[in-house]
Amino acid sequence: MELQLIKLQPDGAQTQYFEQINGEAFPPNERMSLEEMFAFTLRADAEVLGIYDAKTPVGFMFLVKDSECAYLYFLAIAKQFRSKGYGGKALQALTERYAPVQIALDFEVVDESAGNYEQRIKRKAFYLRHGFCE
């Protein structure tokens, strides 16, 4: 695995592919379009980063940062690459890229009545396994 984080541009050739990943990864009420993410980068210190294994795009992340903190809003891995270590490696690359600032994110509420209850449990466990805490 040769994981790289590459800053994406709004007019990039693979933007549609990343938008497809976005649609698969998040329910509509929790999703921000890539167009909205790119618009956000014009108003704040924010980045949309493609996650690549060598030259193969496997996912993306969106974060807002300042001199003390990088806030991870979204991390999405394409369906065919999930459960293969890409998410964990992407978090590792993110912490290396933004050392020594603190990386922050929000966990979804693990609510049994949520339509994606099992997914919420898995997501929380994933972040806890990779060094994040409540």
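Look up a bit, the structure's there.
Everything numeric here is computed off the predicted structure, so don't read it as measured data.

**Some points on the nonpolar core**
For step 1, the next point in the chain: Ile 51, Phe 60, Met 61, Leu 72, Leu 75, Leu 94 and Tyr 127 are the most contacted members of the largest nonpolar core, which has 39 residues in total.
For step 2, the next point in the chain: For this core, the secondary-structure elements that each account for two or more residues are helix H1 (15–25), helix H2 (34–43), strand E2 (46–53), strand E3 (56–65), strand E4 (69–77), helix H3 (86–97) and helix H4 (117–129).

**Some remarks on the pairing of E2**
For step 1, the next point in the chain: The buried fraction of E2 amounts to eight of the eight residues, a majority that puts the element mostly inside the structure.
For step 2, the next point in the chain: In E2, alternate side chains face the same way, and those of Ala 46, Val 48, Gly 50 and Tyr 52 on one face and Glu 47, Leu 49, Ile 51 and Asp 53 on the other are all buried.
For step 3, the next point in the chain: Sheet topology note: the strand E1 (residues 3–7)/E2 ladder contains five bridges and is antiparallel. Among the inter-strand pairings, Leu 5 is bridged to a residue of E2, identified as Ile 51.
For step 4, the next point in the chain: Bridge analysis of E2 against E3 gives eight bridges, and the strand direction is antiparallel. Opposite Asp 53, over in E3, you have Thr 56 as the bridge partner.
For step 5, the next point in the chain: Linkage of E2 to E3, two consecutive antiparallel strands, is achieved through a turn of two residues, within which Ala 54 is found at a positive phi near 60°.

**Examining the packing of aromatic side chains**
Given two aromatic rings, one states the distance between the centres and the angle between the planes to describe the pair.
For step 1, the next point in the chain: In total, this model carries 13 aromatic pairs according to the counting rule given.
For step 2, the next point in the chain: Taking the centre distance of 5.0 Å and the plane angle of 70° together, the rings of Phe 126 and Tyr 127 count as edge-to-face. Pair check on accessibility: Phe 126 and Tyr 127 agree, each one buried.
For step 3, the next point in the chain: These aromatic residues form a ring-pair network of at least three members: Phe 26, Phe 40, Phe 62, Tyr 71, Tyr 73 and Phe 74.

Here is what the cut-offs are and how they apply
Residues numbered from 1 in each chain as written. Predicted model: local features only at pLDDT ≥ 70, side-chain atom pairs only at ≥ 80, totals over all residues. Heavy atoms only, no water. Core = buried A, V, L, I, M, F, W, Y, C linked by side-chain atoms within 4.5 Å. Buried < 20%, exposed > 50% of the residue type's maximum accessible area, 1.4 Å probe, protein only. Helix = DSSP H or I, 4+ residues; strand = E, 2+ residues; numbered from the N terminus. Pairing = 2+ DSSP bridges. Phe/Tyr/Trp six-rings, centres within 6.5 Å; stacked < 30°, edge-to-face > 60°.

Bear in mind that shape data such as this cannot, by itself, settle questions of function.
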